[in-house]
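Architecture and fold: a report
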Amino acid sequence: RYRQEFRQRFCEGLLASRILVVEGATEASAYTAVARRLAELEPVTYASLENLGICVIDSGGESAVATLAKLYRELGKRTFGACDKQTDADKALIEAQVEVLYMHEEHGLEDLVLAQTTPGALQRFAALVPWPPHLAQKHGDPVAHAAAALPDLFAWNKGGWSLAGFLAQCSVAEVPQFLRDACVGLKELCEPADADEEAAPPEGPANAA
């Protein structure tokens, strides 16, 4: 595995000081896309993962999140994790290797997004995307039946562009609260302290009026 996936899973991470380890390709593209989108819409509140110096690592499965997080932590990286709902035992294994774990309560990131976004966002995205013939035939009018059709699209295109593409066209209010909170949390953990606060001299007799 090390030989086959060295460039994809390890080299980029070795050059970064901060690592976000996620379960799979869907999560890797989705977290990157949503942070970038939120930063475009509200740059004071949010920042892209690239600007925070965070490299997103696809662990290739939930069972490997703790293992890869441990690898990077032992290399001296600040390491964070993001995953779907885990058993208490598996959650504890991951938390032991990361600074902060962002775990939601659904069994898939697609389920979280579908549950916490708005019908308007679903219909708008359904009207934008090219539908594969078998799903267009199944749902007849995917736009009118977006809430039923998009879960099938996300499942068919898992690991591809669809979930990241959906998040990239959302307004702030349409982005699930969990993802907004995760992006705020990462920004607060990774951004340097305010320059004015860093430059301010310490209070004391020498600085008294």
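Whatever comes next refers back to the structure up there.
First things first, this report covers the structure right here in the doc. (Residues numbered from 1 in each chain as written. Predicted model: local features only at pLDDT ≥ 70, side-chain atom pairs only at ≥ 80, totals over all residues. Heavy atoms only, no water.)

1. Here we look at the sheet that holds strand β1 (residues 18–22)
Within a sheet, neighbouring strands are paired by backbone hydrogen bonds and run either parallel or antiparallel to one another. As summarised here, the arrangement of the four strands in space is β2-β1-β3-β4, forming an open sheet in which the pairing is parallel. Strand pairing shows two members of the sheet lacking a second neighbour, β2 (54–58) and β4 (100–103), which therefore form its edges. Looking at each pair of strands side by side, their axes are set apart by 20° on average, direction ignored. The strands touched by helix α10 (residues 177–190) within the sheet are β1, β2, β3 (78–83) and β4, with β4 carrying the most contacts at an inclination of about 170°. (Pairing = 2+ DSSP bridges. Helix = DSSP H or I, 4+ residues; strand = E, 2+ residues; numbered from the N terminus. Axes fitted to C-alpha atoms, helices over the stretch in contact; angles between N-to-C directions. Contact = heavy atoms within 4.5 Å.)

2. Description of the packing of helix α5 (residues 109–116) against α10
The interhelical angle for the contact between α5 and α10, taken along N-to-C directions, is 110°, at an axis separation of 9 Å. Our classification of the angle between α5 and α10 gives roughly perpendicular. Contacts between α5 and α10 involve Leu109, Leu112, Val113 and Gln116 on the former and, on the latter, Gln177, Phe178 and Leu179. Classifying every residue of the contact of α5 with α10 by side-chain character gives five nonpolar, two polar and no charged. (Parallel < 35°, antiparallel > 145°, perpendicular 65-115°, else oblique. Nonpolar A, V, L, I, M, F, W, Y, C, P; charged D, E, K, R; others polar.)

3. So, the pairing of β1
Judged by how many residues are buried, β1 sits mostly within the fold: five of five residues are covered. As judged from the five bridges shared by β1 and β2, these two strands associate in the parallel manner. For arginine 18, the partnering residue across the bridge sits in β2 and is isoleucine 54. Between the parallel elements β1 and β2, the chain passes through helix α2 (residues 25–41) in a crossover that is right-handed. Pairing analysis gives four bridges linking β1 to β3, with the strands arranged parallel. Looking across to β3, one finds that leucine 20 is bridged to phenylalanine 80. (Buried < 20%, exposed > 50% of the residue type's maximum accessible area, 1.4 Å probe, protein only. Right-handed = clockwise from strand over helix to strand, strands pointing away.)

4. Comments concerning the pairing of β2
With five of five residues buried, β2 lies mostly within the body of the structure. Residues of β2 alternate between two faces, with Ile54, Val56 and Asp58 on one and Cys55 and Ile57 on the opposite face, all of them buried.

5. Structural notes on the side chain of glutamate 27
Mapped onto the elements, glutamate 27 comes out in helix α2. The side chain of glutamate 27 is buried and forms no salt bridge, while lysine 158, the nearest opposite charge, is found at 4.6 Å. If we skip the residues at most four places from it in the chain, glutamate 27 touches Val22, Asp84 and Leu109. (Lys, Arg positive; Asp, Glu negative; His and termini not counted. Salt bridge = Lys/Arg side-chain N within 4 Å of Asp/Glu carboxyl O.)

6. What about empty space enclosed by the protein?
In the structure shown here, the tally under the stated rule is one cavity of 30 Å³ or more. Lining the largest cavity, in full, are Thr26, Glu110, Phe154, Asn157, Lys158, Gly159, Gly160, Ser162 and Leu163. Considering only residue class, the lining of the largest cavity consists of two nonpolar, five polar and two charged. (1 Å grid on protein atoms, 1.4 Å probe; cavity = no way out; pocket = protein on both sides within 12 Å on 5 of 7 lines; lining within 4 Å. Points joined across faces, edges and corners; volume = space filled by probe spheres on them.)

7. Describing the environment of glutamine 86
Position of glutamine 86 relative to the elements: it lies in the loop between β3 and α4 (88–95). The class for glutamine 86 is buried, based on a relative accessible area of 8%. Sequence separation between glutamine 86 and glutamate 62 is 24 residues; the distance between their C-alpha atoms is 8.6 Å. A distance of 3.1 Å separates the side chain of glutamine 86 from the backbone oxygen of aspartate 84, its partner in a polar contact. (Polar contact = N/O pair within 3.5 Å; in protein donor to acceptor, adjacent residues only side chain to side chain.)

8. Observations regarding the packing of aromatic side chains
Following the criterion strictly, the structure yields two aromatic pairs and no others. Residues phenylalanine 125 and phenylalanine 166 carry aromatic rings whose centres are separated by 5.5 Å and whose planes lie at 85° to one another, so their mutual orientation is edge-to-face. Here phenylalanine 125, found in helix α6 (residues 119–128), pairs with phenylalanine 166, found in helix α9 (residues 162–167); they are 41 residues apart in sequence, far enough to count as distant. Among the residues examined, phenylalanine 166 registers a relative accessible area of 0% and is labelled buried. With a centroid separation of 6.3 Å and 70° between ring planes, the pair formed by phenylalanine 154 and phenylalanine 166 is classed as edge-to-face. Of this pair, phenylalanine 154 sits in helix α8 (residues 146–156) while phenylalanine 166 sits in helix α9, and the two are twelve residues apart along the sequence. An aromatic cluster is defined as three or more aromatic residues linked by ring pairs; in this entry it consists of Phe125, Phe154 and Phe166. (Phe/Tyr/Trp six-rings, centres within 6.5 Å; stacked < 30°, edge-to-face > 60°.)

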